Every structure is written in C-alpha cells, then in structure tokens.
Amino acid sequence: MVELIIDGKPVSVPEGSMVMDATTKLGVFVPHFCYHKKLSIAASCRMCLVEVEKAPKALPACATPVTNGMVVYTCSAKAVAAQQAVMEFLLINHPLDCPICDQAGECQLQDIAVGYGKDGTRYQEEKRVVFHKNLGPLISAEEMARCIQCTRCVRFGEEIAGIQELGMINRNETSQITTFMGQSVSSEISGNAIDICPVGALTSKPFRYSARTWELARRYSITPHDSVGSNLVVQVKGDKVMRVVPFENEDVNECWISNRDRWSYEGLNAEDRLTTPMIKGDDGVWRESSWSDAITAAAQALGQIKETQGADKIAALSTDYATLEELGLLSRLMKGLGSKHIDSRLRLVDARFDEGRAGVPWLGTSIASLNKANRVLVIGSDMRAEHPLLTQRLRQAAKSGAKIALIESVGTDPYIKNIRHHVVSPAEMASALAKVWDALKGQENEYASTAAALKEGGEHAYVFLGNMAMSAPDASNLVAYAQAIAQEIGAKLGYLTSGANTVGAYLAKAVPQKGGLNASQMADSDLSAFVVLHAEPLLDAENGQKLEAKLANSFSIALTSYRSAAEKWAKIMLPVAPFTETSGTFVNAEGRVQSFKGVVPGKGESRPAWKVLRVLGNILKLENFEDESTETIRDEILSEEVSALLNNAYQLAPSTPTSSQGLQRVGNIPVYRSDAMVRRAEALQKDNHSLPPKAYMNEWTMGQLGVTAGQSVKVSSSQGSVTLEAAVANQLANHTVKVAQSFEQTAVLGSSFVELKVECV
C-alpha cells in the first residue's frame, strides 16, 4: 500500500494506483471527461489536472501514479486555474444547443461547466462544423459537433465490445470520431457507448426528441432476455416506458447492458399487443370477451377434458423468461389437475437429458468469477448472440491471459483474443468432444494443442455448455462428454442457461416431472389440451411448425401479451402482462434470486399472469391457490435453500458419437430474434443482426452444390422448403448450411439440426 495526502487528508491505496483512484477512495471529486473506471487511461481531456507538491505544473489525476508521501491539492488556486483553462478550451467550439439536446439534464459537460466554466467567451472566430455520422438504427450521431474527443466510445469498442468500430481521424481542431469506411456500428453491446459519452454527441436514436430527462420517473427492474439478469433502470413518462439504462451491479452486469435489454421496450407498445380477452367461435372468428367469460370458458374446457379424457391429456408450456411466481402457479395448476406434462424448455429435444441430471443445472460458478478465469472451454454456443455480457467477461479474462477454447457450429467471431476456435458441423460436435477427451489422455489429434492449453494453467477452470448444445438431439451425450473433460482438467462444469429464469423453472418444477413429457415429445403426443404461457411457439420452439400444428389441433389456452403470437392456434387468448407490468422474480444462471416490481400499469385489460393462473385455479376449485401477492408464492417455492438444489453432476456416461454425411443445417438464433418482445422492437429489427435470413455456406460447400453467392436457392428439409439467397460464410464447416431460426419464413424447415437439400432455382 502507498500512503499519500490529498487536500490534507491521508489515504492509502495499492501500489500502481493513480491519483484518481485515491481521490475516489476519499470521496473527493475531481472533474474529468475521458476517465472511466472500466476503460484504459487516455489522459486526453486534461480536465482532471491537479497540483502535486514539488511538481512544476499541474498533472492529470487519472494518469499520475501515486508515490509514498505524495501531497496532492485538487482545489488549490493552481489546480482550479488549470481546470478552468481546460474548460474554456473545451467550450470554444461546443454548440450552444443545450435546450434541444437529449443529453441536457444529465450532461457531464453541463455539470462541470457550471463549476469551472465562465459566463462568456474570449473566442470570436468561426466555430468548426462536424457533419453527422450514420451509426445505424440504434445510436444517433447527428450532432457530432458536440464531441469533445474524450475517446471513451473508441476505447469501449476496442476494450469491452472487442471490436474497434469507432476511431479518430485527423489532428488538432480537425479531429473527429467516425466509423471505419462509413459502416454502421454492429456490436450487440454498442448502446453502452451512449451511457459513457459525457456529452450529447452519441444519443439513443429510438428515444431521440421523445422526452426530457427531468420528466422521467426512474424505476428498478430486471431484464428477461438472457440468463445474466442484468439490473435495469426503466425510465417512465406517465404510463409509458420511454427509455431503459443500466443499474450498476458489479456482481451481475457491472455497468453495462446489452442492446436487446436497452431497446426491447419498443415491443411493449407493438401494434399486435393483446389488451382484451378473446374467444374463437365455432366459425373460427375471434371475438372480444369479458375476463369473467373467457377465464370461465377456459376452466370449464380444462375440467371437461379432465373428466372425459383424463388429466393425462392436459399439458402446459411456457417460456423460460416467465417469472418464478408464474411458473410456480403453472406447475401447481398441472399438479392440481393431475398432469405431469409441463415444460419451459421449448428448445430442448433430448429426453435423456433429464434422466442424467442430478439436480438443477446452473452456471457452476458466480458470474463475477468469469473475469478471473484461467482456462475455459465453451461448447455449442453462439456466444455474442446468446450471452453478450458473459462473453464480455470472458473477453476481459482473455486479456489477462486466460486460455479460452470454443467448439461450436455457427462460426461467429466472439471477439476474444487468442481464442482457440473450432467450427464443426452439428453432427460432429460429440465427436469433437471425444477427440478433446482423447487428446487430454495423450492421444495425438487435431485438438491436441487445445487440450494442452486447457490442461495447464490456473485453478479457475470451467467447461460451459451453450444454448445450441442443449438444443441438440444428442444433448445428453454432449453433457456427458463435457463432464468427462471437466473432470480430466480439474474444471467446474456449468450451463450458460438460455433464459432469464431457466434456473427458476427447475426450482418451480415447471419441467417434466417423473413420467411427464417434454416440449418436443408433446408435439408428437395425443394430448388434447394445452395451457401456454408467454410463448410464440412457431419462433420459440426447436421445431415450431410441428408444435404449433399440435396446438392448433388441441384445445389451447394462450396467456400471451401479443395477439399474433397465438391467434393461429389458440381457442382462448388471455392478455397477460410483460415484465414491466407485473411483479415477480427471476433466478439467473448463477442462482441469484432477483425480485422486481411492475414499473407501469397494465395495458388495456391485461393482467399479471400469476393472477390469471390463480383465478383459473380458484374456478377449478384446486388447492393452494389463495396467494394474494407474488412474495408468498416466491417464498413457498424458495422454502429450501437454492444453493442446496444447484447441482451439475451428470449420471450418464458418454457413448460412441454418431455422425452424418448429409448436408446439415446450422440453425442459429440471431441476437435480436430471441423472444417475442425483442422481435417486436422496431429499432432492433432494423439492425443488421435482424436482416432477412439467407442460406450461408462456405465456398467449398457452394462448389460442391454448384451454387454461387447471391443466387436464389431452394432449401428443403423433410418438413418443407423455402427459397433464400445464397451467401458466403467461409468460417462455417464443410457440409453445413446456416439458416437462421426464429423467422417465420424459415420455420417451415423444422429443427435446427435437420439434414437439408439445396438446389438452384
């Protein structure tokens, strides 16, 4: 530790710290623009100049290392004069447009100018002009004349997002921030550049000119879009969500959120938002209904099917972003009716997975510990699309020397330095893991160097299974191999769980109980009735077309926020609230329990799903449906310590992998097509990540098929066919065609893992 004195107060900080670290520890404010605690030091704005005893001139606090006995003055005449001089230079060319600037009211430049600026200017020359930049549909750079060249956005892209999409050109007064060759910004966490911009140069394009910051109420919430459970501040005007920004939680999301967390709120007010209960008549026409009539009709139908066909003909399906309380009551409903058929894992097809698991699958470690990882193997994950913030943490670990390997099929660059990236066909995934296992035991093969890197290093070692691995037909075998590899290298086995509440679904028993069918099996069953919570089966299920057809041929009750998600297959639609309009709890990948309240009233006649399920249970006269709040439901589900239930031990041994010589589909899920709300967020759907699907192949596969890039091809599976544009993606494995899931036009192909036939049109 190094001891120094700042403004007469002693303070001790670790050796290697900067003066800024010491002032922060003391709670002493030093004005700054370019400094950010998560970014490297640039010392370019010079606003943090302080007086250091015996130094001939003021020094930047952010870039001056502390020394024993150092004496620092942050508000002496010398320091203040230096700070005021820098402030004057920064304001020379700054436009006087605060009244129309979206940053007004929360602008760092405004705040510091009040304390260190002057009421006039000595600069009489013409101000410079910087033309606007097109950064895409999410970030507005319409007023780049406001930029003070702090380079926070540049450093964020390179150091946090992993890709340098922004940079500075020219010098001195002509310098400006721009994109490479005029391209748009495409990182899935790029919206954080808006938060760290200290002025109004980068603002939210969807939010632009819609409200003033002082008009907004700020309310805490948790994101439902991935397994991190990022903490949010939802900003509300009246009864409408206007903006979403991160709430800092160092153990979960640090000070970042992903773009889909930030802009998915646009889906709350989608045109097809369901606001009134509806019943489909015998003539196939939908008619609005009262809540009393609709929920009574739903209860009567379930009761009648139970009496005439048996409870075993009734099933429940949910998404894994339903709240713990909603899933708990859905499970109670099925148990009360006498059915074991319930599942919230709509993309899990391998029934053997449940046979082998010993407890509740989870990350296997804390989220924060990923930054300190030494050795990591990630299996079957499109990392940036599935888990943007977990990928960001592994990116930081790699910068500190971690050895990271990735075995998957999509071929997307995770922007992690020095990663060993193996792209294989889906059918060869288990074979690849078998070879890694063999290499760890001394056998020489193409994975020998990867195995050697995983075997030697620090004690923080992990083997993670991604969403695509868990959707595979042989998921149980992938898990068995992953466990064998983890044991061989002394690593922890973990799951990069898919939804905000995947762990909570297991705790709430919203997965098949002994003898029950999983979602994939339900599609092939003779079930007669379904209760479906939040799901848009065509786009949310692994084989959405088959599941939707099954629901259409059954008596299906949809608890949904969106009419178009259910009107093709449901008999009754009950409007339920999204996460912003209800209270509830999510249990994230690390087993962290996070509860939240609704931030706005329900839209129209929509109701929280837990209340709808409670009333449904009351009408059916089932036991244990008396709860008056989400807290009592949550406490009952979590009556046993969560940590005692988390267990990744797997009881099935790996078996000999099978292979396929056919042309295989790689069915990735684009980052902005992950759930119903995100798919209805207008700005996200304009982004390059949401472009209409194409048939991507490497040049070798194209040559074998006689296909050229840009050509229309007919892509066929055993279920159907679709005409798409062929495109080159040389990072893909041979004999594979990447055709994205979660689009209506590609749902006809069925599963992500089917064999395909590609023909020129």
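Residues numbered from 1 in each chain as written. Predicted model: local features only at pLDDT ≥ 70, side-chain atom pairs only at ≥ 80, totals over all residues. Heavy atoms only, no water.

A tally of regular secondary structure across the protein chain gives 25 helices and 33 strands. Relative to the globule expectation of 27 Å for 761 residues, the C-alpha radius of gyration of the protein chain, 28 Å, shows essentially globular dimensions. Dimensions of the protein chain along its principal axes, counting C-alpha atoms only, are 90 × 65 × 55 Å. When the 761 residues of the protein chain are sorted by exposure, 61% land in the buried category. (Helix = DSSP H or I, 4+ residues; strand = E, 2+ residues; numbered from the N terminus. Rg over C-alpha atoms; globule rule 2.2 N^0.38 Å. Buried < 20%, exposed > 50% of the residue type's maximum accessible area, 1.4 Å probe, protein only.)

This part is about the side chain of Asn259. Tracing the backbone through its elements, the reader meets Asn259 in helix H6 (residues 259-263). Owing to a relative accessible area of 0%, Asn259 belongs among the buried residues under this scheme. Within the structure, Asn259 has its side chain in polar contact with the backbone nitrogen of Gly191 (distance 2.8 Å). With sequence-adjacent residues up to four places away left out, Asn259 is seen in contact with Leu138, Ser187, Glu188, Ile189, Ser190, Gly191, Ser264, Tyr672 and Leu684. (Polar contact = N/O pair within 3.5 Å; in protein donor to acceptor, adjacent residues only side chain to side chain. Contact = heavy atoms within 4.5 Å.)

When two helices pack together, their arrangement is given by the angle between the helix axes and the distance between those axes. In the contact formed by helix H2 (residues 77-91) and helix H3 (residues 108-116), the axes pass within 10 Å of each other and the chain directions differ by 130 degrees. One finds that H2 runs oblique with respect to H3. Read as a crossing pair, H2 and H3 show a hand that is left-handed. Two secondary-structure elements touch here, H2 through Gln83, Gln84, Met87 and Leu91 and H3 through Leu109, Ile112, Ala113 and Tyr116. Here the residues of the contact of H2 with H3 sort into 6 nonpolar, 2 polar and no charged. (Axes fitted to C-alpha atoms, helices over the stretch in contact; angles between N-to-C directions. Parallel < 35°, antiparallel > 145°, perpendicular 65-115°, else oblique. Left-handed = near helix turned anticlockwise from the far one by under 90°. Nonpolar A, V, L, I, M, F, W, Y, C, P; charged D, E, K, R; others polar.)

Strand order across the open sheet formed by 5 strands is S20-S19-S18-S21-S22, with parallel pairing between neighbours. Sheet topology places strand S20 (420-423) and strand S22 (492-495) at the edges, where each strand pairs with a single neighbour. Averaged over all pairs of adjacent strands, the angle between strand axes in this sheet comes to 15 degrees, irrespective of strand direction. Relative to strand S21 (residues 461-465), strand S18 (residues 375-379) runs parallel, the two being bridged by 5 bridges. Bridging across to S21, Ile379 finds its partner in Leu465. Strands in contact with helix H13 (residues 448-455) are S18, strand S19 (403-408) and S20; relative to S18, the strand with the most contacts, it is inclined by about 130 degrees. Those strands touched by helix H15 (residues 475-489) are S18, S21 and S22, and its axis lies near 175 degrees from that of S21. (Pairing = 2+ DSSP bridges.)

In this structure the tally under the stated criterion is 33 salt bridges. Taking the shortest distance from any N to any O, the salt bridge between Asp97 and Arg146 comes out at 3.0 Å. Of this pair, Asp97 sits in the loop between H2 and H3 while Arg146 sits in the loop between strand S7 (139-141) and helix H4 (152-161), and the two are 49 residues apart along the sequence. Between Asp627 and Arg332 there is a salt bridge whose closest N-O contact spans 2.7 Å. Here the residue Asp627 occupies a position in the loop between helix H20 (609-619) and helix H21 (630-637), and Arg332 occupies one in helix H8 (residues 324-337), the gap between them amounting to 295 residues. Taken together, the shared-partner salt bridges in this structure form one network comprising Asp272, Glu536, Asp540, Arg679 and Arg680. (Salt bridge = Lys/Arg side-chain N within 4 Å of Asp/Glu carboxyl O.)

Another point: the side chain of Thr502. For Thr502, the position within the fold is in helix H16 (residues 502-507). For Thr502, a relative accessible area of 9% puts it in the buried group. Polar contacts involving the side chain of Thr502 include one to the side chain of Asp320, which spans 3.3 Å. Excluding anything up to four places from it in sequence, Thr502 contacts Asp320 and Thr497.

Before going further, it helps to spend a moment on the pairing of S19. Counting buried residues in S19 gives 5 out of 6 residues, a clear majority hidden from the surface. Two elements, S18 and S19, share 5 bridges in a ladder whose sense is parallel. Within S19, the residue paired with Val376 across the bridge is Ile404. Two elements, S19 and S20, share 4 bridges in a ladder whose sense is parallel. Opposite Leu406, over in S20, you have His421 as the bridge partner.

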